[in-house]
Amino acid sequence: MQLLEASQNKLLYLTREDDYKECFSSTSNGIIHLDSEMRMKNLNREAERICGVVRTSVLGQRIDIVLKKHGEDFLKIFNLSEYKKVKTTNFKLKQKDQFIYINTDSLLLLDSCGEVDGLIVILQDVTAVRVAIKQIQTTQMLMSLGELAAGVAHHVRTPLTTISGYLQIMLGRLEDDQYTVRRDILETLLDEVSYINSVVKELILFAKPPVEKEPGVEINKLLDEALLLTFKQIGGEKISIEKQLAKQLPTITADKNLIKQAVVNIMQNAIESMADEGMLSIKTWINGDLNMLVISINDTGSGVGADILARVFEPFYTTKADRMGLGLPIANRIIAEHGGFVNVTPGEISGTKVHIYLPIIDDRINRLTVVHQQILNLQ
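Residues numbered from 1 in each chain as written. Predicted model: local features only at pLDDT ≥ 70, side-chain atom pairs only at ≥ 80, totals over all residues. Heavy atoms only, no water.

### Observations regarding the packing of helix α10 (residues 256-272) against helix α12 (residues 327-337)
Right, so step 1: Running from amino to carboxyl end, α10 crosses α12 at an angle of 145°, the nearest separation of the two axes being 9 Å. Between α10 and α12 lies a crossing of left-handed hand. Across the interface between the two elements, Leu258, Ile259, Gln261, Ala262, Asn265, Ile266 and Asn269 from α10 touch Gly327, Leu328, Ile330, Ala331, Ile334 and Ile335 from α12.
Right, so step 2: Considering only residue class, the contact of α10 with α12 consists of nine nonpolar, four polar and no charged. (Axes fitted to C-alpha atoms, helices over the stretch in contact; angles between N-to-C directions. Helix = DSSP H or I, 4+ residues; strand = E, 2+ residues; numbered from the N terminus. Left-handed = near helix turned anticlockwise from the far one by under 90°. Contact = heavy atoms within 4.5 Å. Nonpolar A, V, L, I, M, F, W, Y, C, P; charged D, E, K, R; others polar.)

### Observations regarding the packing of aromatic side chains
Right, so step 1: For the structure shown, the criterion picks out one aromatic pair.
Right, so step 2: Plain terms: the ring middles of phenylalanine 341 and tyrosine 357 are 5.3 Å apart, the flat faces sit at 35° to each other, and that makes the pair tilted. In this pair, phenylalanine 341 sits in strand β12 (residues 341-346) while tyrosine 357 sits in strand β13 (residues 352-359), placing the two residues 16 residues apart along the sequence. (Phe/Tyr/Trp six-rings, centres within 6.5 Å; stacked < 30°, edge-to-face > 60°.)

### Quick look at the sheet that holds strand β8 (residues 239-245)
Right, so step 1: Here we have five strands laid out as an open sheet, ordered β8-β10-β11-β13-β12, and mixed in their pairing. Two strands close off the open sheet at either side, each with one partner strand: β8 and β12. Between one strand axis and the next, the sheet turns by 15° as a mean value, whatever way the strands run.
Right, so step 2: In this structure, strand β11 (residues 292-298) lies alongside β13, joined through seven bridges in antiparallel fashion. Each bridged residue has a counterpart across the sheet, and for serine 296 the counterpart in β13 is histidine 355.
Right, so step 3: Contacts between α12 and the sheet are confined to β12 and β13, with β12 contributing the most and set at about 135° to the helix. (Pairing = 2+ DSSP bridges.)

### Considerations on the pairing of strand β2 (residues 30-35)
Right, so step 1: For β2, the buried fraction is high: five of the six residues fall into the buried class.
Right, so step 2: As defined by bridge partners, β2 adjoins strand β6 (residues 116-125) across six bridges and the pair is classed as antiparallel. The residue of β6 that forms the bridge with histidine 33 is isoleucine 120.
Right, so step 3: Sheet topology note: the β2/strand β3 (residues 40-43) ladder contains three bridges and is antiparallel. Residue pairing for β3: histidine 33 is matched across the bridge by asparagine 42.
Right, so step 4: Once β2 ends, the chain turns through four residues before running back antiparallel as β3, passing methionine 38 with a positive phi of about 65°. (Buried < 20%, exposed > 50% of the residue type's maximum accessible area, 1.4 Å probe, protein only.)

### Notes on the pattern of salt bridges
Right, so step 1: In total, this model carries six salt bridges according to the counting rule given.
Right, so step 2: The partner of glutamate 337 in a salt bridge is arginine 333, with the nearest N and O atoms 3.2 Å apart. Note that glutamate 337 and arginine 333 are positioned in helix α12 at a spacing of four residues, about one turn of the helix.
Right, so step 3: Put simply, Glu46, Arg49 and Asp125 are held in one network by salt bridges that share partners. (Salt bridge = Lys/Arg side-chain N within 4 Å of Asp/Glu carboxyl O.)

### Concerning the nonpolar core
Right, so step 1: Counting residues in each nonpolar core, the largest one holds 48 residues, and the members touching the most others are Val263, Leu280, Ile297 and Ile356.
Right, so step 2: Sequence-distant contacts of isoleucine 297, that is, excluding residues within four places in its chain, are made with Val263, Ile266, Met267, Leu280, Ser281, Ile282, Thr352, Lys353, Val354 and Ile356.
Right, so step 3: Listed in part, the 25 residues of the second largest apolar core include Ile63, Val66, Leu93 and Ile100. (Core = buried A, V, L, I, M, F, W, Y, C linked by side-chain atoms within 4.5 Å.)

### Examining unusual backbone geometry
Right, so step 1: Even without being glycine, methionine 38 reaches a positive phi, approximately 65°.
Right, so step 2: On the secondary structure map, methionine 38 appears in the loop between β2 and β3.
Right, so step 3: Among the residues examined, methionine 38 registers a relative accessible area of 14% and is labelled buried.
Right, so step 4: Its identity as a non-glycine residue notwithstanding, glutamine 248 has a phi of 55°, on the positive side.
Right, so step 5: With respect to the secondary-structure elements, glutamine 248 resides in the loop between β8 and β9 (252-254).
Right, so step 6: With a relative accessible area of 80%, glutamine 248 lands in the exposed category.

In structure tokens form, the structure reads like this:
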């Protein structure tokens, strides 16, 4: 209980060893107690197991000698000069013929005068947790691959069946290697081959977009071009457009054709969700804290349910019978290749809100995994 309070208060005050002996014997975590001279004062059985030492042979010895085999990085967690009050780290340790993963919490010990009296290090073996997470990730990956394979099989098998059927009929009607093919049959066969080619092309775009970045890409100009292309392709005469594009936005280094493709895919989804009429809102601004450009595409369509929202970036997942379900996954992949990401949420009143985040400077890309949750909280 005292160790728990110490974790909350960032400090641990010990007056008598009896105060913590019960914690040493009852906790499932490893605990090491060092004095101010970095000598091993006490440790429990779990700490013996994790560190690969025998308690009776290490008591009274300096920690840098006892645990030298684990390397200098591991020994740093026992260095009193490294601390202000508390420190949490993660390590991979070799134990016999295998590795274990541990989480460490180190807390300074103070005497009644407030002087440093030693160190308590709490060791938690998280190997089983990491293995379970790895298994879950592997299972999810295999499930995704299975769904991807099923989607490819479905979208390729149907036109192949049509092509095969026509060719068998034609083969059966051959006489002296002579056969006159009707124009409509040839057009059907060509359409089916074209469809297969489209599936393969979009799969390649999803798997590995051929990114060719160039400096000086103007996002606002790109959005205007994407709007013209979108409405030319699918109409949307009853859809009104509201634009609030920030002026004097900095240019970025990007593949403008791929970014335009991603934006068009998102706009097409938005327009198709507004069957009769609606409003398509396009906004841009700069997130100064993150040094990123933000593109907002909002619609007033039917919206996205929670069950669908969780799967919008899955390939071949679609609620439309005449669509392949690769539009949003490709858009998400393209933006990811540029160091950004796409966030889809329900609209404030109705419809769907899509935010695209793009880094202004390339060296910000490495920070994206760290700030992703911050961005979600800012919306």
